[in-house]
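As a plain string of letters, each chain reads:
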Amino acid sequence: MARTLRISTRNATFQQWQALLTNRAKRHRAGEFVVQGVRPITLAVEHGWPVRALLIDDRRRLSRWSRDVLERAGEADRFALAGELMHELGGKDEESPELLAVVGMPADDLSRIPTGPDMLTLVFDRPATPANIGALVRSADAFGASGLVVTGHAADPYDPKAVRASTGSLFALPVVQVSSHREVVDEVIALRRGGLPVEILGSDEGGDVELAEHDLTGPKVIAIGNETRGLSGAWRAACDRILRIPMAGAASSLNAAAAGSVVLYEAARQRGLAARSR
C-alpha cells in the first residue's frame, strides 16, 4: 500500500493543487486536474482514469466510500491534509470534503471518439462558460452520444465548474478539445472517403429545417454554437443542414446547453434509445 504524506501548511505541493483548480495553463502543462465530489471521483476510478494523487482530511474518520476509492486507486500518491487546507481545495463554502483526487488528462485526440453507423458526435463551438460544457457533457452521456468535441477558443472542460456540472459524465464520455472546426471536418471527410456517410448538422434559431422533421439516425456530427454568438461562419459553411428548434413564447433562443440537450433528446428518440434502455 502506498504511504501517506502529511501536509499541514500551504507548501509548494499544496500551491500546485490550488493552481490546478484556478489556472488553465498550469492544468494543461501538468496534464492533470483536481476532481471534487463523490460521484465524479467514483466514475473517474470506475472508468479507469489515471488517479495520480488522493487527498484526505487528516482529522476525519474515512467513510466506506473513501476507503474503497483508496483501495481501488492502487498506487496513487496519498496525502493527509489539515482540515482547513481540504476546505480550501473543496470548492464549497459550507463543507470540507473527506477526499479529493488528482487525475491525469487523456490526450486531445479525435480517435478517442467512436465512429461507425450509429455515431452521434456533438460539437460545442467556442463555449464561453465551463458550467455549460459540463451540462452538455452530462446530456450527451445521458442521451447516448458517442462523444463531445469542443472547438475553437473556448472554456476548459477540465475547469472544476465544468467537471462538477457534468456530475461525473466527463469520465464516462470521450470529450476532446481541438483548436479549429477544420480538424473535425477533416475527420468527417476521411470517414466519408472510407464509406461512412457522416452528415454534419448545425443548430440555430434561423435553421432551414425543424429539428423533428430531419432524420437524425445514422452517423451524425451535430454542432451547437457559442452562448452569445451562435455558430461561427466556418461551422455554418461546413454544415449540410441547419436545424431549428421550434419555440413559443417571448424567448428568441435557448441557452446553448439547453438547445444541445433538446437536439440530443430528439436524436435519442429517433434512434429508439428509450426502448433500448428498458
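You'll find the structure just up there.
This one's a predicted model, so the numbers in the text were calculated from it and none came from an experiment. (Residues numbered from 1 in each chain as written. Predicted model: local features only at pLDDT ≥ 70, side-chain atom pairs only at ≥ 80, totals over all residues. Heavy atoms only, no water.)

1. Here's the deal with the overall build of the protein
For step 1, the next point in the chain: Helix and strand counts for the protein stand at 11 helices and 12 strands.
For step 2, the next point in the chain: Taking 2.2 N^0.38 as the reference for a compact globule, 278 residues should give roughly 19 Å; the C-alpha atoms of the protein span a radius of gyration of 20 Å, in line with that estimate.
For step 3, the next point in the chain: Projected onto its principal axes, the C-alpha positions of the protein cover 60 × 40 × 35 Å.
For step 4, the next point in the chain: Within the protein, the fraction of its 278 residues that count as buried is 53%.
For step 5, the next point in the chain: Working note: accessible area of the protein is about 13100 Å², and carbon and sulfur atoms make up 48% of it. (Helix = DSSP H or I, 4+ residues; strand = E, 2+ residues; numbered from the N terminus. Rg over C-alpha atoms; globule rule 2.2 N^0.38 Å. Buried < 20%, exposed > 50% of the residue type's maximum accessible area, 1.4 Å probe, protein only. Areas by Shrake-Rupley, 256 points an atom, 1.4 Å probe, with all protein chains shown as cover.)

2. Structural notes on the sheet that holds strand S10 (residues 209-210)
For step 1, the next point in the chain: Strand order in the open sheet formed by 7 strands is S8-S7-S6-S11-S9-S12-S10, with parallel pairing between adjacent strands. Looking along the sheet, the strands with just one partner apiece sit at the ends: strand S8 (175-178) and S10.
For step 2, the next point in the chain: In the sheet, S10 pairs with strand S12 (residues 241-244) via 2 bridges, with the strands oriented parallel. Among the inter-strand pairings, Glu210 is bridged to a residue of S12, identified as Arg244. (Pairing = 2+ DSSP bridges.)

3. Observations regarding the packing of helix H6 (residues 130-142) against helix H10 (residues 256-270)
For step 1, the next point in the chain: Running from N to C, H6 and H10 point in directions that differ by 10°, and their axes come no closer than 9 Å. Compared by their axis directions, H6 and H10 come out roughly parallel. Every residue of H10 that contacts H6 at Asn132, Ala135, Leu136, Ser139 and Ala140 is listed here: Ala257, Gly260, Ser261 and Leu264.
For step 2, the next point in the chain: For the contact of H6 with H10, a count of residues per class yields 5 nonpolar, 4 polar and no charged. (Axes fitted to C-alpha atoms, helices over the stretch in contact; angles between N-to-C directions. Parallel < 35°, antiparallel > 145°, perpendicular 65-115°, else oblique. Contact = heavy atoms within 4.5 Å. Nonpolar A, V, L, I, M, F, W, Y, C, P; charged D, E, K, R; others polar.)

4. Let's talk about H10
For step 1, the next point in the chain: With 15 residues, H10 should cover 21 Å at 1.5 Å per step; its first-to-last C-alpha distance of 21 Å lies within 8% of that length.
For step 2, the next point in the chain: For H10, the complete set of buried residues consists of Ala256, Ala257, Ala259, Gly260, Ser261, Val263, Leu264, Glu266, Ala267 and Ala268.
For step 3, the next point in the chain: Of the residues that open H10, the one with a side-chain oxygen 2.8 Å from the backbone nitrogen of Ala257 is Asn255. (Expected span 1.5 Å × (residues − 1). Polar contact = N/O pair within 3.5 Å; in protein donor to acceptor, adjacent residues only side chain to side chain.)

5. Remarks on the packing of aromatic side chains
For step 1, the next point in the chain: One pass over the full model with this rule turns up 6 aromatic pairs.
For step 2, the next point in the chain: Relative to Phe171, the ring of Phe33 lies with its centre 6.1 Å away and its plane at 5°, an arrangement referred to as stacked. Here Phe33, found in strand S2 (residues 32-35), pairs with Phe171, found in the loop between helix H7 (160-165) and S8; they are 138 residues apart in sequence, far enough to count as distant.
For step 3, the next point in the chain: Taking relative accessible area as the criterion, Phe33 reaches 0% and is therefore assigned buried.
For step 4, the next point in the chain: Taken together through their ring pairs, the aromatic side chains of Phe33, Trp49, Tyr158 and Phe171 make up a single cluster. (Phe/Tyr/Trp six-rings, centres within 6.5 Å; stacked < 30°, edge-to-face > 60°.)

6. What about the environment of Leu273?
For step 1, the next point in the chain: As for its placement among the helices and strands, Leu273 is situated in helix H11 (residues 273-277).
For step 2, the next point in the chain: In the structure, Leu273 is positioned 130 residues away from Phe143 in sequence and 7.4 Å away in space, judged by C-alpha atoms.
For step 3, the next point in the chain: Residue contacts for Leu273: discarding those within four places in its chain leaves Ala142, Phe143, Gly144 and Ala268.

7. A short note on the side chain of Glu32
For step 1, the next point in the chain: Here Glu32 shows up in strand S2.
For step 2, the next point in the chain: Given the relative accessible area of 14%, Glu32 is considered buried.
For step 3, the next point in the chain: Setting aside chain neighbours within four positions, we find Glu32 in contact with Leu20, Arg27, Arg52, Val102, Val103, Gly104 and Met105.

8. A closer look at the nonpolar core
Generally speaking, nonpolar side chains in soluble globular proteins are found buried as a group.
For step 1, the next point in the chain: In terms of nonpolar packing, the biggest core is built from 52 residues, with Phe33, Leu54, Val103, Leu148 and Phe171 touching the most fellow members.
For step 2, the next point in the chain: With 5 residues, H10 is the largest single contributor of residues to this core.
For step 3, the next point in the chain: For this core, the two domains that each supply at least three residues are domain 1 (4-104) and domain 2 (110-275).
For step 4, the next point in the chain: When near neighbours in sequence (up to four residues on either side) are disregarded, Leu54 contacts Val69, Leu70, Ala73, Ala76, Asp77, Arg78, Phe79, Leu99, Leu100 and Ala101.
For step 5, the next point in the chain: Listed in part, the 20 residues of the second largest apolar core include Met119, Val185, Leu231 and Cys239. (Core = buried A, V, L, I, M, F, W, Y, C linked by side-chain atoms within 4.5 Å. Domains from an automatic or database assignment.)

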